[in-house]
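The chain contents come next:
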Amino acid sequence: MKKSLRKVVVSFVTALTLGSAVVPMLASAQSDVVGDLVPEYKTTYLTDPTTLDYTFSMRDINTNHGTNFIESLYENDRYGNYIPAAAESHEVSEDGLVYTYKIRPGVMWVDNNGNEVAETTAHDFVTGLKHAVEVQSEMLPIVQYSIKGLNDYINGKITDFEEVGVKAVDDYTLEYTLERPEPYFNSKTTYGILYPINQEFLDSVGEDFGSLDPASILYNGPFVLANLTAKSQIEYVKNESYWDLENVFIDSVQYTYNDNSDPEVFYRLYKDGAASAFGVNPTLPIYEDVQKEFGEYITQAQRPGSSFLLQFNLNRIKHEATGKENDKQHEDTHAAVLNKAFRQAIMFGFDKHTYMTQDFGEEFADTDIRNTLVAPDFAMVNGESFGEAVERHLEEMNPELYEGINLEDGQDAFYNPEKAAKLIEQAKSELEGVEWPIQLDLPVLESIPRSVNLAKSMKASIEDSLGAENVIINPVLLNQDTYLASTFNATVAAEVDYDITNESGWIPDYLDPSTFLDIYLPTNGTFLVPIGFDPLLKEGQEDPYAEAREASGLFEYAELVNAAAAITDDLDARYDAYAKAQAWLTDAAIALPIRAGGSQLRVTNIVPFSAPYAFAGTGAQRFKFLKVQSEPVSKEQWQAAYDDWSANKLDASSLSSSSTKEEESDESASESAEGEEAVEGEESEEEMMDESAEETEEEMMDESAEETEEAAE
């Protein structure tokens, strides 16, 4: 699996480097459906969406829905290829700076009752980006420095949006001009920041656009939001005016609210026909019964590119959810979390294996362990995996601490109580005037037994490694509303109320290491708020947290990331520079990766590999292409489907040096291979809380119902 994933990712980046989208092999055989096709998909959810403005929110509790309502320029097929959607085709200029998309005629906007309103045009994509700037979208960093003039417009250096590098040449021709070549730009088009908005409708609803009323947006994607009732139900119905209706195989999607307080309820819901899948947890008392009844139907989901983390708040302002007793304890904790040796002591003192047994049991505990923010097999670097390149840089930085380190998935690279003890003593010598033990508040959703057990496991391993006389983990039990307000739903640093959290996750946006590493850039990183800093999106903006931001060391990190980003003509050099930045981030121990997402055991009725696949972006959260069968998927059915999928995935791409059209799908595999050689020669891309919820199909379909906390895209 690891080697296959490595080849796939390199193939993605190569295809995008050529400036091409890749066209699906629709003729490839899919696994046979067992039983009948079912016209509905049923699941549960834990967290209500906070907005329907799909150009604003990067949080998966929102993007999971928006991506089903709105048609992006390109989408993912079941092989992970980027295929034309609202765009019929695109061309890239020879210098790689101008992307021209031909908009598909007949992509209709409809209202929430399914009534046709207008046709989608190139002008709608211009309106969408302009609106995203006006509402200060959380996703702006994805394109702020990519699209020519956009950063200057945001900073007020230019005031006419027509000077920004997005232009409707005519109703069916959309043009983006970039600041510098981005071979992975097409993979950004699946994100809400580049979704269309109808200007006339936007004018008519004004500030109500994207409120939680289904009538507050128009729809041009495969589904329409029929019902949204808080802590009750979310329901989609098929958009009967959708341009590609023949590839929408379910008539409705039903989410039913569940607070996850009973982890065995998902099994019962599945048995009652109220859920299309359920997660199998080997630690539950019913596991033996589940094995007896569904043993031949328990399969394991594919692992996507997402990473989930233990994360420090480097600049905590709010102190309501706390186990501390006085201001001195808060001040000492603040000083400690800004000390690198202290954070490293936590990193080496945290036993991920024991922690993961709470989800997977002893047998499967190591399956999802991850040690780096960027997946170690994300790309190849001069014959090394990305993870191997990071290992090399870490050993160069600190051979005593990192000699012989192995960053591969599936094992804990760091747990070493002896090193942890030395590091805590170093921290104590550096932190003068601090009283020990340091207390770290960890927010815990009290209604979910799994969350409580994970917190207990983390507390036990860290206190055992470092000594309770040095560090105390305070699990702070919170109800759902308070928990969400202080973690996932906190939109500014002053609302974030913890010292550490184990509920942070990142899903890559596009196919380049920058999609992971940019999130901690000190002024505009999209993951700044969870670590205690508000973004500084405008030059010269006043920073009330300047001292802590400087002490974090992230400006040094930014120099490494920016140096990597500047390399656009040599992929090996670019990726190696990003590996050096990842090594810095690992050594800084600001965010400690715990696990990848996606490979939980499950019983599912989703036809294997019928759903879209995407290593990065929101494509895998769509229900287009997905098929539901009346019978559970057996191991035999899944394996046959996987064999077909993995074989076709590697050579399902048609590559062209400048453009891609749907009719190009007959290009030979040998031509694709020649194209890859040419590119290489020139060297020219909310989760965790809901882990128990029932599983859907491959990749983020499995995650969308389960992992709702801080899985920002």
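The residue numbers shown here count from 1 along each chain, following its written sequence. In keeping with the model being predicted, local features are shown solely for residues with a pLDDT of at least 70 and side-chain atom pairs are shown and tallied solely at 80 or more, while totals for entire chains, interfaces and linings include all residues. Note that water and hydrogens are dropped before the side-chain values are worked out from all heavy atoms of the structure.

Q: How do you make sense of the overall build of the protein chain when you look at a structure like this?
A: Elements are defined by DSSP. Helices are runs of H or I of four residues or more, strands are runs of E of two residues or more, and each kind is numbered from the N terminus. When its secondary structure is counted, the protein chain shows 23 helices and 26 strands. Only protein chains enter the accessibility calculation, which uses a 1.4 Å probe; a residue whose area is less than 20% of its type maximum is buried, one above 50% is exposed, and one in between is partly exposed. Within the protein chain, buried positions represent 64% of all 713 residues. The Shrake-Rupley method, run with a 1.4 Å probe, gives the accessible areas here. Residue values count only the displayed protein chains as cover. Total accessible area on the protein chain stands at roughly 24,300 Å², and carbon and sulfur atoms take up 46% of it.

Q: I tried to follow the sheet that holds strand E14 (residues 277-279) on my own but got confused; where do I start?
A: Pairing between the strands of a sheet is mediated by backbone hydrogen bonds and can be parallel or antiparallel. Think of it this way: DSSP has to see at least two bridges between two strands before they count as a pair. The antiparallel open sheet is built from three strands, whose spatial order is E14-E23-E15. Both outer strands of the open sheet, E14 and strand E15 (299-300), are each paired with one neighbouring strand and no more. As paired strands, E15 and strand E23 (residues 601-604) are joined by two bridges and run antiparallel to one another. Residue pairing for E23: Thr 299 is matched across the bridge by Arg 602.

Q: Hey, could you run me through helix H2 (residues 60-69) in this one?
A: Helical geometry: 3.6 residues make up each α-helical turn, so side chains three or four residues apart lie on a common side. Most of H2 is tucked away: ten of the ten residues are buried. Residues of H2 that are buried: Asp 60, Ile 61, Asn 62, Thr 63, Asn 64, His 65, Gly 66, Thr 67, Asn 68 and Phe 69.

Q: What is the right way to look at the sheet that holds strand E12 (residues 233-238) in this model?
A: Here four strands make up an open sheet; going across it, the order is E2-E13-E12-E11 and the pairing mixed. Edge positions in the sheet fall to strand E2 (40-45) and strand E11 (223-229), since each of these pairs with one other strand and no more. Taking each pair of neighbouring strands and ignoring which way they run, the sheet shows an average axis angle of 15°. For E2 and strand E13 (residues 252-257), the ladder comprises six bridges, and the chain directions are parallel. A fitted line through C-alpha atoms serves as each axis, taken over the contacting stretch for helices, and the angle formed by two N-to-C directions is quoted from 0 to 180°.

Q: Honestly, the packing of helix H19 (residues 554-565) against helix H20 (residues 571-588) in this entry has me stumped. Any pointers?
A: Helix-helix packing: each pair is described by the crossing angle between the helix axes and the interaxial distance. Interaxial distance between H19 and H20 falls to 8 Å at its minimum, and their mutual angle equals 165°. Considered as vectors, H19 and H20 are oriented roughly antiparallel to each other. The handedness of the crossing between H19 and H20 comes out as left-handed. In contact with Leu 554, Glu 556, Tyr 557, Leu 560, Val 561, Ala 564 and Ala 565 of H19, H20 contributes Arg 574, Ala 577, Tyr 578, Lys 580, Ala 581, Trp 584 and Leu 585. Under the convention adopted here, Pro, Cys and the residues Ala, Val, Leu, Ile, Met, Phe, Trp and Tyr are nonpolar, Asp, Glu, Lys and Arg are charged, and Gly plus all remaining residues are polar. For the contact of H19 with H20, the residue count by class is eleven nonpolar, no polar and three charged. Orientation is classified from the angle alone, with under 35 degrees giving roughly parallel, over 145 giving roughly antiparallel, 65 to 115 giving roughly perpendicular, and any other angle giving oblique. Take the far helix as your reference; a near helix turned counterclockwise from it by less than a right angle gives a left-handed crossing, and one turned clockwise gives a right-handed crossing. Should any heavy atoms of two residues lie within 4.5 Å, those residues are considered in contact.

Q: I would appreciate a short explanation of unusual backbone geometry in the present structure.
A: Note that the residue after Trp 436, namely Pro 437, is joined by a cis bond; omega there is 10°. Looking at the element boundaries, Pro 437 is found in the loop between helix H14 (417-430) and strand E19 (438-445). Phi is positive for Asn 382, which is not a glycine, with a value near 50°. Its place among the elements puts Asn 382 in the loop between strand E17 (380-381) and strand E18 (384-385). Among the residues examined, Asn 382 registers a relative accessible area of 57% and is labelled exposed.

Q: Mind showing me how you'd approach the packing of helix H10 (residues 340-349) against H14 here?
A: Contact geometry for H10 and H14: axes closest at 8 Å, N-to-C directions at 165°. Comparing their axes, H14 and H10 come out roughly antiparallel. Of the two elements, H10 crosses H14, and the hand of that crossing is left-handed. Contacts between H10 and H14 involve Ala 341, Phe 342, Gln 344, Ala 345, Phe 348 and Gly 349 from the former and Pro 417, Lys 419, Ala 420, Leu 423, Ile 424, Gln 426, Ala 427 and Glu 430 from the latter. Of the residues that constitute the contact of H10 with H14, the class distribution is nine nonpolar, three polar and two charged.

Q: Sorry if this is basic, but what is going on with the pattern of salt bridges here?
A: In a structure, side chains of opposite charge can pair up when their charged atoms sit close to one another. Note on definitions: salt bridges are taken to be side-chain nitrogens of Lys or Arg within 4 Å of carboxyl oxygens of Asp or Glu. Counting across every chain of the model gives 28 salt bridges. Notably, a salt bridge pairs Arg 268 with Asp 262, separated by 2.4 Å at the nearest N-O pair. We classify Arg 268 as partly exposed; its relative accessible area is 38%. Residue Asp 262 is classed as partly exposed on the basis of its relative accessible area of 27%. In the salt-bridge network here, residues are joined through shared partners; they are Glu 71, Glu 75, Asp 244, Arg 622 and Lys 624.

Q: Even after reading the chapter, I still don't get the environment of Lys 580, so can you show me in this structure?
A: Inspection of the secondary structure puts Lys 580 in helix H20. The class for Lys 580 is partly exposed, based on a relative accessible area of 43%. A C-alpha to C-alpha distance of 7.8 Å links Lys 580 and Ala 389, two positions 191 residues apart in sequence. Dropping the residues within four chain positions of it, Lys 580 is found in contact with His 393 and Leu 560.

Q: Any chance you could explain the nonpolar core here in plain terms?
A: Nonpolar side chains tend toward joint burial in soluble globular proteins. For our purposes a nonpolar core is just a set of buried Ala, Val, Leu, Ile, Met, Phe, Trp, Tyr and Cys residues, chained together by side-chain atoms within 4.5 Å. Grouped together as the largest cluster of nonpolar side chains are 152 residues, with contacts concentrated most on Leu 174, Tyr 176, Ile 193, Phe 342, Leu 517 and Tyr 520. It is H20 that provides the largest number of residues to this core, a total of ten residues.

Q: Could you clarify how one ought to interpret the pairing of strand E21 (residues 500-506) in this entry?
A: Regular strands place their side chains on alternate faces of the sheet. Counted residue by residue, E21 has seven buried out of seven residues, so it is predominantly covered. As defined by bridge partners, strand E16 (residues 307-312) adjoins E21 across five bridges and the pair is classed as antiparallel. Residue pairing across strands places Phe 308 opposite Gly 505, the latter belonging to E21.

Q: I tried to follow the packing of aromatic side chains on my own but got confused; where do I start?
A: Each Phe, Tyr or Trp ring, with Trp reduced to its six-membered ring, pairs with another whose centre is within 6.5 Å; inter-plane angles below 30 degrees give stacked pairs, above 60 give edge-to-face pairs, and intermediate values give tilted ones. By the definition in use, this model includes 39 aromatic pairs. Chaining the aromatic ring pairs together yields one cluster made of Tyr 41, Tyr 45, Phe 69, Tyr 219, Phe 223, Tyr 236, Tyr 255, Tyr 257 and Phe 623. Lysine and arginine charges are scored as sitting over a ring when NZ or CZ, respectively, is within 6 Å of the ring centre and within 35 degrees of the ring normal. Positioned above the aromatic ring of Phe 488 is the side chain of Arg 59, whose terminal nitrogen or guanidinium carbon lies 5.5 Å from the ring centre. Geometry around Trp 436 places Lys 428 over its ring, the cationic atom sitting 5.7 Å from the centre.

Q: Is there a simple way to explain the environment of Thr 63 in this structure?
A: Take Thr 63: it is sitting in helix H2. Once the C-alpha coordinates of Thr 63 and Arg 622 are considered, the two residues, 559 residues apart in sequence, prove to be 9.8 Å apart.

Q: Could you clarify how one ought to interpret the pairing of strand E6 (residues 98-103) in this entry?
A: Here E6 shows a buried face lined by Tyr 99, Tyr 101 and Ile 103 and an unburied face lined by Val 98, Thr 100 and Lys 102. Here strand E5 (residues 87-92) pairs with E6 via five bridges, running antiparallel. Following the sheet pairing, Ala 87 is matched in E6 by Ile 103. In this antiparallel pair of consecutive strands, E5 and E6, the connection spans five residues, and Gly 96 shows a positive phi of 75°. The pairing of E6 with strand E10 (residues 173-177) spans five bridges and is antiparallel. Looking across to E10, one finds that Lys 102 is bridged to Thr 173.

Keep in mind that these numbers describe shape and distance, not what the molecule does.
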